[in-house]
Structures are given as C-alpha cells and as structure tokens.
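# Report on the structure
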Amino acid sequence: MSTVGFRHHNHNHCVKTALSKAEEKCANQKLQFTPVRRRVLEILLEQHKAMGAYDILAVLSAEGMGSQPPVAYRALDFLVQHGFVHRIEQMNAYAACAHPTHDHVPAFLICRACKAVAETETELTQGRLGAAADTSGFTIERIVVEAEGLCPDCIGTQP
C-alpha cells in the first residue's frame, strides 16, 4: 500500500508519469483526450491538491480555454469516469489520481487544518465492512473512504 501526498517525492516525475499514462490509456481505448481535458488534469497534477470545479474553471478562463461551468464539469466527468481524477466527496473537490498506473480502490486522508489530501489504496472486501457484506451475501461495488485528521506538517500546530 502506497500513500502519496504527505511525503516528499519527485513531483515533476509524478506529473509526467500521470500525463503519459492518461495519453496512453486514451490512445489505447480510443478516448478523446481533448486540450481542455488534458489541461484540467495538468492543473490538478501541478497543484498537487484537491481543487473545486470553480477553482479549476478560473485557471481555464484565465488561459482562454472557457469560462462557463460546463467546460470544467465535462472535463472533470471524463477524467473521473476514466480513473485519472478522483472526486473528494467531503470537500466537493477533485484530485488527480496518485496511482495512475493501475486500477485500485482509493481512500483519502484529509488534513482538517490545511486541507491537504493524500491518496492511499484499500480493497472492496477488506475489514469489517467486507466481512459483513460477505456474511449477508451483499456484493460491494463502490466504497468511498475519506478520513479526516492531521497531516505531518500540521500535527504539532493544532490543538
């Protein structure tokens, strides 16, 4: 299990890898990776944090790529649908996938102080919830795991 977001890493490599994987997947699956979709993914990768759709739209607008909300929402819908971006429900925001090289079930660690988000991986059938589902004959298809707490940078500064 790998957690990205609260540890130091080669950010340029991270961005290049994610963009390369997105381009490759779109080419292989004959998906349209339009300039707006690519730029939205780049924005999220460059910022390396969760952003709201209107924050993304502000960047797109400043760059002349559209100023109406559907521009950002359509790109985000595409990116989420194909696993390049995740929606952080608690924050009503989006974050670039930290594990673009393989399919996974993401879980998010959200700092309540600075709002930093780290992505880690979980399994659909692990833990007590998986056991309860198994016992009752229920098949889990989707789980959203968002844990709130303090990141390493904020842990000593908050009450």
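Residues numbered from 1 in each chain as written. Predicted model: local features only at pLDDT ≥ 70, side-chain atom pairs only at ≥ 80, totals over all residues. Heavy atoms only, no water.

### A look at the pattern of salt bridges
When charged atoms on two side chains of opposite charge get close, those side chains can pair. Scanning the entire structure with this criterion turns up seven salt bridges. For Glu42, the salt bridge identified is with Arg39, shortest N-O distance 3.4 Å. Here Glu42 pairs with Arg39, and both are found in helix α2 (residues 35-47), just three residues apart, close to one helical turn. Classification of Arg39 by relative accessible area gives buried; the value is 14%. With a shortest N-O distance of 2.8 Å, Glu63 and Arg39 are connected by a salt bridge. One end of the pair, Glu63, is in the loop between α3 (53-62) and α4 (69-81); the other, Arg39, is in helix α2, and 24 residues separate them in sequence. (Salt bridge = Lys/Arg side-chain N within 4 Å of Asp/Glu carboxyl O. Helix = DSSP H or I, 4+ residues; strand = E, 2+ residues; numbered from the N terminus. Buried < 20%, exposed > 50% of the residue type's maximum accessible area, 1.4 Å probe, protein only.)

### Here we look at α4
Spanning 13 residues, α4 covers 18 Å between terminal C-alpha atoms, matching the ideal 18 Å at 1.5 Å per step. Of all the positions in α4, only Ala72, Ala75, Leu76, Phe78 and Leu79 are classed as buried. Down the axis of α4, the buried side of the element spans an arc of 160 degrees, and every buried residue falls inside it. Away from its buried face by more than 90 degrees, α4 exposes Arg74 and Gln81. Positive phi shows up at Gly83, right after α4, with a value of about 80 degrees. (Expected span 1.5 Å × (residues − 1). Arc of directions from axis to C-beta.)

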